[in-house]
Amino acid sequence: MTAALPRHAPVLTDASTYALVDADSTIRRVFGYAKQGASYGYTKVKGLHPLLAVVSTPTCAPLVVATRLREGHAAAARGAGSFVAESLAAARAAGATGLALFRADAAFYSAEVVAACRRAGVHFSITVRLNPAIRRTIATIDEAAWTPIHYPHAVWDDDEGRFISDAEIAEIAYTAFTSHRKKEQVTGRLLVRRVRRLNPASVSQGQGELFAAHRYHAAFTDSTLQLVQAEATHRGHACCPALKMPMFEAL
């Protein structure tokens, strides 16, 4: 069992001090008509749509602690709350008994997921979609509150059609899930990263730039880390290699 593995091999060193728990869904293509649960999802590829969760520390590689196999047409967020609860319990049993941070993309942004983190005593850092409430909150951030950052490695931006190496970040208090009951509402930190639009294709023909335009990315967290470190730690979720493994590849 995964919980017993760390007692026999040094796979989660320092997990009792600090650990990261990452969850994501992935599409695994399958072939043949007899594959149970195989169907076409949003990627238009026939396959399965499993959930994966891994735990890691700054000194060790990720260890898979939970999986859930689902039909190919399953929505990305289906079962996220219960899956996160199971994943965090497995991470604790595997030795992540100290300070822990759960990271995920916007499919996991829900009151159920945040509640599971709080019951487990785990901090959360979850990407949020730019809905009207988030956009209104971002618009209230003072211009002087933005802090420049530089990516250690430039990343390719499909929307801009160029490599991005610089951005600005800021944070603001935010209360999530206000449509839920009062006890399910959560106040935390909204971490916002913005990248200036420089692609000429984003400017109407014959018009110059009257003011700077940006694209925004946001994450909701209760992390106690300082802004720059908290934003960089959240961004590291997208680089977690274990969530991209072909665990469920089938013939």
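Residues numbered from 1 in each chain as written. Predicted model: local features only at pLDDT ≥ 70, side-chain atom pairs only at ≥ 80, totals over all residues. Heavy atoms only, no water.

Asks: Would you take a moment to explain the environment of Thr17 for this structure?
Replies: Along the polypeptide, Thr17 turns up in the segment before strand S1 (18-25). Overall, the relative accessible area of 55% leaves Thr17 in the exposed class. Considered as a pair, Thr17 and Ala100 are 83 residues apart in the sequence and their alpha carbons are 8.3 Å apart. (Helix = DSSP H or I, 4+ residues; strand = E, 2+ residues; numbered from the N terminus. Buried < 20%, exposed > 50% of the residue type's maximum accessible area, 1.4 Å probe, protein only.)

Asks: Explain the packing of aromatic side chains here, please?
Replies: For any pair of aromatic rings, the description rests on two quantities: the centre-to-centre distance and the angle between the ring planes. What the rule picks out here adds up to 7 aromatic pairs. Relative to Phe177, the ring of Tyr109 has its centre 5.1 Å away and its plane inclined at 35 degrees; by these criteria the two rings are tilted. Of this pair, Tyr109 sits in the loop between strand S7 (99-104) and helix H2 (111-120) while Phe177 sits in the loop between strand S10 (162-176) and strand S11 (186-196), and the two are 68 residues apart along the sequence. Classification of Phe177 by relative accessible area gives buried; the value is 10%. Each ring, one from Phe124 and one from Phe220, has its centre 5.4 Å from the other, and the planes form 40 degrees; the classification is tilted. Taken together, the residues Phe124 in strand S8 (residues 123-128) and Phe220 in strand S12 (residues 214-221) connect sequence positions 96 residues apart. For the pair Phe124 and Phe220, one class covers both residues: buried. Taken together, the ring pairs in this structure connect Tyr109, Phe124, Tyr174, Phe177 and Phe220 into an aromatic cluster. Here the guanidinium or amino end of Arg194 rests over the ring plane of Trp146, the centre of that ring lying 4.2 Å away. (Phe/Tyr/Trp six-rings, centres within 6.5 Å; stacked < 30°, edge-to-face > 60°. Lys NZ or Arg CZ within 6 Å of the ring centre and 35° of its normal.)

Asks: It is not clear to me how the nonpolar core should be interpreted in this structure. Could you clarify?
Replies: Note that soluble globular proteins tend to have their nonpolar side chains buried in a common cluster. Counting 46 residues, the largest nonpolar core has Val55, Val84, Phe102, Phe108 and Leu190 as the members making the most contacts within it. The next biggest cluster of nonpolar side chains, apart from the first, holds 9 residues, and it includes Ile149, Tyr151, Ile164 and Ala230. (Core = buried A, V, L, I, M, F, W, Y, C linked by side-chain atoms within 4.5 Å.)

Asks: For this particular structure, what's the right way to read the side chain of Thr221?
Replies: Within the secondary structure layout, Thr221 lies in strand S12. Here Thr221 falls in the buried class, since its relative accessible area comes to 0%. Here the side chain of Thr221 touches Phe124 through a polar contact of 2.6 Å, landing on its backbone oxygen. In this structure the side chain of Thr221 is engaged in a polar contact, spanning 2.9 Å, whose partner is the backbone nitrogen of Ser223. Setting aside anything within four residues of it in sequence, one finds Thr221 in contact with Phe124, Ser125, Gly188, Arg189 and Leu191. (Polar contact = N/O pair within 3.5 Å; in protein donor to acceptor, adjacent residues only side chain to side chain. Contact = heavy atoms within 4.5 Å.)

Asks: Any chance you could explain the sheet that holds strand S3 (residues 39-40) here in plain terms?
Replies: One open sheet holds the 3 strands; their spatial order is S2-S4-S3, and the pairing between them is antiparallel. Each of the sheet's edge strands pairs with one partner strand only, and the pair in question is strand S2 (28-29) and S3. Here 2 bridges tie S2 to strand S4 (residues 46-48), and the two strands are oriented antiparallel to one another. Paired with Arg29 across the two strands is Gly47, which belongs to S4. (Pairing = 2+ DSSP bridges.)

Asks: Which parts of the structure should I look at to understand the pairing of strand S5 (residues 51-57)?
Replies: The side chains of a regular strand alternate, residue by residue, between the two faces of the sheet. Most of S5 is tucked away, with 7 of its 7 residues classed as buried. Taking every second residue as pointing to the same face, both faces of S5 are buried, with Leu51, Ala53, Val55 and Thr57 on one and Leu52, Val54 and Ser56 on the other.

Asks: Looking at this structure, how should I read the pairing of S7?
Replies: In terms of residue burial, S7 counts as a mostly covered element, since 5 of its 6 residues are buried. Across 5 bridges, S1 lies against S7 in parallel orientation. Bridge pairing links Asp22 to Arg103 in S7. Relative to S8, S7 is paired through 4 bridges, and the arrangement is parallel.

Asks: Is there a simple way to think about the pattern of salt bridges in this case?
Replies: If charged atoms from side chains of opposite charge come close, those side chains can pair. Tallying each qualifying case throughout the model produces 9 salt bridges. Between Glu143 and Arg194 there is a salt bridge, and its shortest N-O distance comes to 2.6 Å. Taken together, the residues Glu143 in the loop between helix H3 (132-139) and strand S9 (147-157) and Arg194 in strand S11 connect sequence positions 51 residues apart. Residue Glu168 is joined to Arg194 by a salt bridge in which the shortest nitrogen-to-oxygen separation is 2.7 Å. Here the residue Glu168 occupies a position in strand S10, and Arg194 occupies one in strand S11, the gap between them amounting to 26 residues. (Salt bridge = Lys/Arg side-chain N within 4 Å of Asp/Glu carboxyl O.)

Asks: Help me understand the environment of Ser110 in this model?
Replies: Its location among the elements puts Ser110 in the loop between S7 and H2. A polar atom in the side chain of Ser110 sits 3.2 Å from the backbone nitrogen of Val113.

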